[in-house]
Each structure stands twice: as C-alpha cells, then as structure tokens.
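Geometric and topological summary
Each chain, letter by letter, is given below.
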Amino acid sequence: MSRLLHVSASPRSAASESLAIAEVFLDAYRETHGDVVDHLDLWEAGLPAFGPAGAGAKMSVFAGEELSGEQAAAWQAAREVFERYDSYDRYLFSVPMWNSSVPYILKQFIDVVSQPGWVFRFDPEKGYSGLLQGKKAAVVYTSAVYGEGRPPAFGSDHQAPFFEGWLRWTGVTDISTVAFRPNLATADAETGRRAAHAEARELGKRF
Ligand SMILES: Cc1cc2nc3c(=O)[nH]c(=O)nc-3n(C[C@H](O)[C@H](O)[C@H](O)COP(=O)(O)O)c2cc1C
C-alpha cells in the first residue's frame, strides 16, 4: 500500500484555490486507492528554523566533523522533518505563486529537509545525485496574474521551474502538474477553475 502526503503552502484556508484543487485530487485519489493520505500544512507545522545553527551544522557535516550543542540540536530537528517526509512514497504539493516564486514557508521546508545524505549526495567529480528513489509527485500551481503566454508585465515564472527543479534534484522525477492561473484582467475565472478541477480529478484517479 502506498502512503501519500499532501504538503500545502497556502495559508488561505477556505479562500485558497490550490487547496480546493488539492481536495478534488484527494477525493478522487481516495475513491480509487485504499492508501494512507496525510496532510502537512506547512503553516501549521511549526517547522524548525534553519539559521546560524542549521547552516553551521550543514557545513560541519560536509567537513566530516562531529556535531554538538546547538548545531546537533538543529540537525536533529531538521532530521525529524525529513524522516516524516521520507516515510511517504507519493506526494501532492499545493503551491501558490508568491512574488513570482513559492511562499517562503515552502522554501523553509526545502531548506530544512535538503541535506547531504538525506535528499542528495555530492561527488566532487560527478556532482549531485538525488537520493529519493521510487517516489512520485503531483503538484498544483496557482497564480492570479502570471500565466503562460501573457506579456512580461504580468510577471514571470520562478515557481514551477524552481519547485520542479528541486523535486528532480532530490530524485523525484515522476511529476504531474495541474495549474490554475486565472487572468484577473478577464472576468471569467470559472471556466479555468472548472478545467483545473476536472484535471485534478482525473489525475487523482490515475495517480
Ligand atoms: C503574498 C502574495 C504574493 C502573490 N504574488 C503573486 C505573483 O507574483 N504573481 C501572481 O500571478 N499572483 C500572485 N499572487 C496571487 C496568488 O498566486 C493567487 O491568489 C493564488 O490563487 C494563491 O493561491 P491560493 O489561492 O491557493 O492561496 C500573490 C498572492 C499573495 C498572497
């Protein structure tokens, strides 16, 4: 049996488009799979900081040094977040666009779990290799101004390339996406919303 974790990055609860699309995906997923489905709401998760102690620990680990004190505590706190994440083999991410990129809480999650020996290995000759094998991800993207094909003044996409680049870097290369990017300049968001929900339902069934 697979285990699916929904990692959500919108703090907008009932007003959230990405959470609504994710729910449609999950309803369809639950109907067709008997799998475990859990939710990691990044805004409620109490993620540990990854600041001076965390960054210090990371560099110490790279240098092959033993950790102690604040660095050891920061490393352990990050490890717990990673272990929970790694215990799933399927992921659904719901990812709003914030200032062309992802909400900072998702970047914090990425900075906490992306450690050597956990999600990647580094070889001075071969470079990086991802350590998360046999997993797959579905990603829901939302934005309200940026959209593919719109003029540059509507913004640019540092959301999907950044996020999928991170997934691939960790070894998660089986990625499916649904995007809902209504153009606020046009009144009718409903047609695109319906299409995104239909896409999410189909993806949930066959994921
Ligand atoms: C802090 C913040 C920054 C945003 N930045 C952008 C942006 O750069 N480009 C864009 O197209 N939409 C932007 N938006 C609009 C959101 O992407 C849009 O409302 C989307 O539906 C948010 O996802 P959610 O409904 O799941 O919260 C921003 C919204 C917020 C709250």
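Everything in this summary refers to the structure shown in the same document.

Criteria and thresholds
Throughout, residues of each chain are indexed from 1 in the direction in which the sequence is written. In keeping with the predicted nature of the model, local features appear solely for residues at pLDDT of at least 70, side-chain atom pairs appear and are counted solely at 80 or more, and the whole-chain, interface and lining totals rest on all residues. Heavy atoms throughout the structure, all of them, feed into the side-chain values; hydrogens and water do not. By convention in these notes, a residue is near a molecule or strand provided one of its non-hydrogen atoms lies within 4 Å of it. What qualifies as a polar contact is a pair of N or O atoms within 3.5 Å, subject to a donor-acceptor requirement within protein and to the restriction that residues adjacent in sequence count only when both atoms come from side chains. Side-chain classes follow a simple rule in which Ala, Val, Leu, Ile, Met, Phe, Trp, Tyr, Cys and Pro form the nonpolar group, Asp, Glu, Lys and Arg form the charged group, and the remainder, Gly included, forms the polar group. Helix numbering and strand numbering both begin at the N terminus, where a helix is a DSSP run of H or I of at least 4 residues and a strand a DSSP run of E of at least 2. To estimate how far a helix should reach, multiply one less than its number of residues by 1.5 Å. We call a residue buried when its accessible area falls under 20% of the maximum for its residue type, exposed when it is over 50%, and partly exposed in between, using a 1.4 Å probe and counting protein chains only. Think of the arc as the fan of directions from the helix axis to the C-beta atoms. Contacts are assigned to residue pairs with any non-hydrogen atoms lying within 4.5 Å of each other. Lines fitted to C-alpha atoms define the axes here, with helix axes fitted over just the stretch in contact, and angles between the N-to-C directions of these axes take values from 0 to 180 degrees. In what follows, roughly perpendicular refers to angles from 65 to 115 degrees, roughly parallel to angles under 35, roughly antiparallel to angles over 145, and oblique to any angle outside these ranges. In this scheme the crossing of two helices becomes right-handed for a clockwise turn of the near helix relative to the far one and left-handed for an anticlockwise turn of less than a right angle. The criterion for strand pairing is that DSSP finds at least two bridges linking the strands in question.

Digging into the site of the ligand
In the neighbourhood of the ligand, 15 residues make up the surrounding shell, with S10, R12, S16, S18 and Y146 lying closest. Between the ligand and S16 there is a distance of 2.6 Å, counted from an oxygen atom to a side-chain nitrogen or oxygen. Within the contact set of the ligand, an oxygen atom lies 2.8 Å away from a backbone nitrogen or oxygen of S100. Tallied by class, residues from the shell around the ligand come to 6 nonpolar, 7 polar and 2 charged.

Comments concerning helix α3 (residues 69–86)
For α3, which comprises 18 residues, the first-to-last C-alpha distance of 26 Å matches the rise-based estimate of 26 Å (1.5 Å per residue) to within 8%. The set of residues buried in α3 consists of A74, W75, A78, V81, F82 and Y85. Here the buried residues of α3 occupy an arc of 125° about the axis, which is enough to place them on one side. On the buried face of α3, the contacting elements are β1 (3–8), α2 (52–62), β3 (90–96), α4 (104–113) and α5 (160–169).

Here's the deal with the packing of α4 against α5
Remark: α4 packs on α5, axes separated minimally by 12 Å, with the N-to-C direction vectors making an angle of 20°. Between α4 and α5, the crossing angle belongs to the class labelled roughly parallel. By crossing handedness, the relation of α4 to α5 is classed as left-handed. Seen from α4, the contacting residues are L106, K107, F109, I110 and V113; seen from α5, they are F162, F163 and W166. Class assignment of the residues belonging to the contact of α4 with α5 gives a composition of 7 nonpolar, no polar and 1 charged.

Structural notes on the packing of helix α1 (residues 17–32) against helix α6 (residues 190–206)
Look at α1 against α6: their axes get within 7 Å of each other, and the N-to-C directions meet at 35°. For the element pair α1 and α6, the recorded crossing hand is right-handed. Side by side, α1 and α6 meet where E17, A20, I21, V24, F25, A28, Y29 and T32 of the first sit next to R193, A196, H197, A200, R201, L203, G204 and K205 of the second. Among the residues making up the contact of α1 with α6, the classes are represented as 9 nonpolar, 3 polar and 4 charged.

Here we look at the pairing of β3
Burial analysis of β3 places 7 of its 7 residues in the buried class, which makes it a mostly covered element. By the alternation rule, side chains of β3 split into R90, L92, S94 and P96 and Y91, F93 and V95, which are all buried. With 5 bridges connecting them, β1 and β3 associate as parallel partners. Residue H6 lies in a different strand from β3, and its bridge partner there is L92. Two elements, β3 and strand β6 (residues 136–142), share 7 bridges in a ladder whose sense is parallel.

By themselves these figures say nothing about function.
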